[in-house]
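Chains, contacts and geometry: an overview
Now for the letters of each chain:
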Amino acid sequence: MILVTGATGTVGRELIGQLLELGVRVRASTRRPDTAGLPDSVEVVRADLGDPKGLADAVRGVDRVFLLSSGPEIPTHDANLAQAAARAGVGHLVKLSSGRTGDDTATDPIPTWHRAGEQAVRDSGVAWTMVRPLGFMANALHWAGSIRDHGAVYAPFGQGRIAVVDPHDIAAVAATALTTGGHEGEIYTLSGPEPLSPGEQTAILADVLGRPLRYVEVAPAAARQSIIDHGVPDEMADAIMALRATALEAFTSVVHPTVERITATPPRSFRTWAEHHRHHFALADAA
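Here's a quick rundown of the structure. (Residues numbered from 1 in each chain as written. Predicted model: local features only at pLDDT ≥ 70, side-chain atom pairs only at ≥ 80, totals over all residues. Heavy atoms only, no water.)

A look at the packing of aromatic side chains
Just so we agree on the cut-off: Any Phe, Tyr or Trp ring, taking Trp's six-membered ring, that has another such ring centre within 6.5 Å forms a pair; planes under 30 degrees apart are called stacked, those over 60 apart edge-to-face, and the others tilted. Under the DSSP-based scheme used, a helix requires at least four consecutive residues in state H or I and a strand at least two consecutive residues in state E, with every element numbered from the N terminus. Accessibility here uses a 1.4 Å probe with only protein chains present; expressed as a share of the type maximum, an area under 20% marks a residue as buried, one over 50% as exposed, and anything in between as partly exposed.
For the structure on display, the rule yields two aromatic pairs. Aromatic pair Phe 270 and Trp 273: ring centres 5.4 Å apart, planes at 20 degrees, arrangement stacked. Taken together, the positions of Phe 270 and Trp 273, both in helix α11 (residues 270–276) and three residues apart, correspond to about one turn of that helix. With respect to class, Phe 270 is no different from Trp 273; both count as buried. With 6.1 Å between their ring centres and 70 degrees between their planes, Trp 273 and Phe 281 make a pair best called edge-to-face. What links up through ring pairs into an aromatic cluster is the set Phe 270, Trp 273 and Phe 281.

Written as structure tokens, this is what we have:
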């Protein structure tokens, strides 16, 4: 039995699907089981990483755990689940971390939170694997509204490039680590096949959609305000902007061979990801 936290997110849903294809029994934890929309074969349980007592039921009878947490509470949430897993006798925990956790110069919030979370996992005594993607192709979904409404992508740091990775490939690495041996104590930094700027991603999306799109660089302050306008707290908005700014650094543009080394399959390109998610960006009359 494998417990998947963050089960209703982009990576969690991919991972659950891949584990089911492998014939693995899956338990999924979510704060809202009634709206999870997961396959009937998945055991869905109500759990909150902020509630240590409630996690005991989630990990009972579980062999391995996939840990996905986010936001300022990452250190606490990771410690809560790792400690519950240790008490339940879980054999292996795979944590989805941040690629920049491995960048010693990165002192902004998100890698700092994940470093503390990783340490909490290590301190628990449960065998662990850290999965560190440099960036997510799925972040381009945030552009879907402006692409549909204005035929444009508005984003800061136009000169920056990140070797973004498909959540499908992140899930594939996690699934391999959870279902085969030899991954304990390993750190896997993941990337896609090439570093891309926002403008380059926009050009690929335009080609896939078959219509012209513009990339418009916006000032960081305006981008931050847009995040806040969508209901994100100031602290998290600052963390997101700090993460976006790292696209200007060399660390996030490095291509790593890890996905193919672990899964024996090359990582998917951004074009392939865009083709699979074309419907999110298509005009209503073309959908």
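Things to note about the pattern of salt bridges
To keep things clear, this is the line we draw: Here a salt bridge means any side-chain nitrogen of Lys or Arg lying within 4 Å of a carboxyl oxygen belonging to Asp or Glu.
One pass over the structure, following the stated rule, counts 10 salt bridges. We note a salt bridge from Glu 118 to Arg 132, for which the minimum N-O separation is 2.8 Å. Of the two residues, Glu 118 is situated in helix α4 (residues 109–124) and Arg 132 in strand β6 (residues 127–133); the sequence distance between them amounts to 14 residues. No difference in accessibility class separates Glu 118 from Arg 132, as the two residues are buried. Among the ionic pairs, Glu 200 bridges to Arg 161, the shortest N-O distance being 2.6 Å. Linking Glu 200 in helix α7 (residues 198–209) with Arg 161 in the loop between β7 (152–155) and α6 (167–179), this pair joins segments that are 39 residues apart in sequence. Judged by relative accessible area, which is 34%, Arg 161 ranks as partly exposed. Linked through salt bridges whose partners overlap, the residues forming this network are Glu 118, Arg 122 and Arg 132.

Description of helix α2 (residues 52–59)
Note the cut-off: To be clear, the arc concerns the directions from the helix axis to the C-beta atoms. Contacts were defined at the residue level, with two residues in contact if any of their heavy atoms lie within 4.5 Å.
Inspection of α2 places Leu 55, Ala 58 and Val 59 among the buried residues, and these make up the whole buried set. Around the axis of α2, the buried residues are gathered within 80 degrees of arc, so they sit on the same side. Exposed side of α2, more than 90 degrees from the buried face: Lys 53 and Asp 57 are the residues found there. Looking at the buried positions of α2, the neighbouring elements they touch are β1 (2–4), β2 (26–30), β3 (43–46) and α3 (74–88).

Brief notes about the sheet that holds strand β5 (residues 92–96)
Threshold: When DSSP finds two or more bridges between two strands, those strands count as paired. Lines fitted to C-alpha atoms define the axes here, with helix axes fitted over just the stretch in contact, and angles between the N-to-C directions of these axes take values from 0 to 180 degrees.
Pairing within the open sheet is parallel, and its seven strands lie in the order β3-β2-β1-β4-β5-β6-β8. Here the strands that pair on one side only, and so sit at the sheet edges, are β3 and β8 (186–190). Taken over all neighbouring pairs, the strand axes of this sheet differ in orientation by 20 degrees on average, direction set aside. Examined bridge by bridge, β2 and β3 share four bridges and lie parallel to one another. Looking across to β3, one finds that Arg 27 is bridged to Glu 43. Helix-sheet contacts for α6 involve β1, β4 (64–67), β5, β6 and β8, and the interaxial angle to β4 is about 155 degrees.

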